[in-house]
Amino acid sequence: MGFSGKRRWVPVLLTLAIMAACLTLFAVTPVRTDICAMLPVGEQGLLAQDFDRLTHSSLANNVFISLHAAPEVSRAKLIQRAEQMTDALAGHGLAFVRPSSVNPLRAMTFLLDNSANLMTAADLDAVKPQLKPEAVRTALSRNVRLLAEPQGIALKSLVRRDPLGWRSRLGARLKHLAGFTEAHVENGHIFSKDRRSILLTAKPETRLSDADGAARLVAEFQSVKRALPSGITADMVGGQVHTNANASVIKQDLVVISVAAAAFLVLLFFLFFRSRRALSVFAAPLVAMAAGLGGAALFGQTVSAIVIGFGSVLVGISIDFAMHVYFAMRRQPERPALAVHAVARPVIYCALTSCAAFGALFLSDIPGIRQLAVFAIAGLVASVLFSLLVLPAFGAGALPERRKRSIPLPSLPVVVTLPLWGALLLGCLWCALPTSLDPDLRSIGYRPASVRDAEARFTAVWGDMRSRGVVFAEGRSVETALSANDKVYDALRADLPDVAASSLAPLVPSRGTQKGNRARWDAFWARGRREHTIEVLLAEAGDLGFSSAAFTPFLQGLNRMPEPITPHSLDQGSLGFLRDIFMPDSGLDKATVLTFLPDSEQVRAYFSPEREQKLGVRLVSNGRFKAMLESAMKTDIRSFISFSGLCVVLLIFLLYRNVRRSLLAVLPAVTGVAAVFGGLGLTGTPLNLFHITALPLVIGLGADYGIVQVNREHESLDLDTTTAVFASGVTTLAGFGVLILARHPSLHAMGITVVLGVGVALATALLLLPNLLRRAE
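A brief report on the enclosed structure follows.

### So, the overall build of the protein
- Counting its regular elements, the protein contains 31 helices and 11 strands.
- The buried share of the protein, taken over its 777 residues, is 56%.
- Long-range contacts, defined as pairs at least 24 residues apart, comprise 83% of the intrachain contacts of the protein with a sequence gap of at least 6.
- Split by element, the accessible area of the protein, about 33300 Å² in all, is 60% carbon and sulfur.

Right, dumping it as structure tokens:
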């Protein structure tokens, strides 16, 4: 292998061309800043489908603004400010549901006009005794008293339409919607129980995943909020708030991580190299980053920003191979080719073990984690090729003679280091026992204190409506979806009558259900019942002083069959806003009707897979998400550790074909993994998805350190291995250390995991293994 000559620039130019191609490919690929890519797909894709449903539901897509007034602020002023905020934000991408359009009289008239469509067999059974003469007289007497009261004038038309008091039974249908919040409409505004808060509901024009749109929305709200007078405050909650918080912090983290990683690399350069010839070593991370970005873009339609953030970690790993080559060549400046040849085998095996460790990520159920595997393996392959083929050619014949000085490390006798290591391992295992899993989706995303406080204040006033379970009734047509929604409603009333369900079924049943209701209605009034009821009503009304035309609207209603109700019929009753809540536009080629339920264990157990299949619906809830996520995490832990551990052990045994050396080589990896679990258990930190994701990295890097250290037993040349391991370990810790600076939980968790695992693995490789190797010799 020759490292001089004019052709040495060929691989360099080729490398630059490949990097340019990779970066160009990445530049034309969209970058996702949300956390969707970091959610498991779930069995048969159910978890991903559930999350997609949730992001298209009204609760996730709507934003809610709560205005709070201090006791000294009048209600009139609160209403005035609420209307001003509505007007100010309506022109900035928010379509407000204006409660002033809700008219109780119109709503009740709508229900009465559609009695034939809505009344069930149970309703008609309840109506039957109300048709007896004594019951009719009682109802009419009640109307006489009502009309004599001050509000009687306003209710006159309603009494004419409903002399027998059916409105109490039909109006109960609206109570099925009351469980949605603890709010009540008053004077055209949604007030809290204490009447000190007003709720505004709006649908943003931007999608939930649109980070730029979410940022504009939040900025506009903050601008309007700052203009509120003293004594009135406002909080906005909703999916867009979380999208903005996560996107903002990831962007900030990327800047901090990149700057800090670059600063650490410059510092390490002056500590270990201090030669411009060594700058070629620092080209390895750039090559790895370009290859990783290009690989992720090549195999994905989008690239997750969290995966890009992990690139700083790759910087710390990818430079390791170049360092081993560089230090070997520096130690043997007269024989650089021989030095590279001597170090090539362990470096290649180090790359293989790292790739095998990252390859375990392909077993993950999470698309973003699989993309991370592509990113890491592409970067590692590019880095090792650069280190063995390009780096020697670039610096061939130009490495200065340096003093043969290794990093001074403390040398403790094995009688000290071995018991200490044993105590550390046992302590980690003991502390790891209480380690638990954290399957809460909210812990994956970033929620700053301001968002948490706003949500806590919102929940205290309006209840925790955003954490309710949602049953999705879907169909290719509205009728199909409404039919499934009817089945859910009937099943809940029959099997879980005590569960407070908010459903549209009592107001907008399917056409099939309405057809059955109309048939029963016709049958009910047949055989002279209609005529007899009219006769009784007119007679009793005359006795109480009503005119003969007083109840003409009611009598006309008995003789008129209404058209079937459609979702758009709700506009006739000023209830059109319910359509936005219960029938969100998913933007997909299907119709969806929602039912809101408590997210209780009873409800989750009721909606078993068999019952969901029978009803044709799907329950989505935070509690169910947790259970599915916990199952996916347990699977990933077993897969990552078993697959990467098995691959690493096999590769190491293939390298040494010696049990003792193989066991010594895996020692740092085993200790590193134990340190991760022990550290998290000691601090009471539950294990989340990103801790798990970083575990294969600890295994791979720990194995790398073990391989190069054990390889010293049969090195014929002095390759300055200890300095190379120390420098590469420090660069890795520097790369991961900057992740600790990240505020996003995913990046921070990765940083904590690898600093713990790699730090202990490095210490094991540098302080324990040399003593054991000497004893072996």
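Still more to cover.
### As for the side chain of His691
- Mapped onto the fold, His691 is located in helix H29 (residues 689-710).
- In contact with His691, not counting residues within four places along its chain, are Leu680, Thr685, Pro686, Ala749 and Thr753.

### Remarks on the sheet that holds strand S9 (residues 469-475)
- Here 3 strands make up an open sheet; going across it, the order is S10-S9-S11 and the pairing antiparallel. Edge positions in the sheet fall to strand S10 (591-597) and strand S11 (617-620), since each has one partner strand and no second. Within this sheet the neighbouring strands show an average axis-to-axis angle of 25°, counted without direction.
- One ladder, built from 7 bridges, connects S9 with S10; its direction is antiparallel. Paired with Gly469 across the strands is Leu597, a residue of S10.
- Along the sheet face, helix H20 (residues 478-495) touches S9, S10 and S11 and points at about 20° away from the line of S10.

### Regarding helix H16 (residues 336-359)
- The end-to-end C-alpha separation of H16 is 33 Å, in line with the 34 Å expected for 24 residues at 1.5 Å each.
- The sharpest bend along H16 reaches about 40° and sits at Ala344, with the proline Pro346 one to four residues further on.
- In terms of burial, H16 is largely enclosed, as 17 of its 24 residues are buried.

### Section: the packing of aromatic side chains
- What the rule picks out here adds up to 10 aromatic pairs.
- Arranged with centres 6.1 Å apart and planes meeting at 85°, the rings of Trp166 and Trp521 form a pair that is edge-to-face. One end of the pair, Trp166, is in the loop between helix H9 (152-161) and helix H10 (167-178); the other, Trp521, is in helix H21 (residues 511-524), and 355 residues separate them in sequence. Summarising the burial analysis for this pair, Trp166 and Trp521 share the class buried.

Rules used throughout
- Residues numbered from 1 in each chain as written.
- Predicted model: local features only at pLDDT ≥ 70, side-chain atom pairs only at ≥ 80, totals over all residues.
- Heavy atoms only, no water.
- Helix = DSSP H or I, 4+ residues; strand = E, 2+ residues; numbered from the N terminus.
- Buried < 20%, exposed > 50% of the residue type's maximum accessible area, 1.4 Å probe, protein only.
- Contact = heavy atoms within 4.5 Å.
- Areas by Shrake-Rupley, 256 points an atom, 1.4 Å probe, with all protein chains shown as cover.
- Pairing = 2+ DSSP bridges.
- Axes fitted to C-alpha atoms, helices over the stretch in contact; angles between N-to-C directions.
- Expected span 1.5 Å × (residues − 1).
- Bend = angle between axes of the 7 residues up to and from the residue.
- Phe/Tyr/Trp six-rings, centres within 6.5 Å; stacked < 30°, edge-to-face > 60°.

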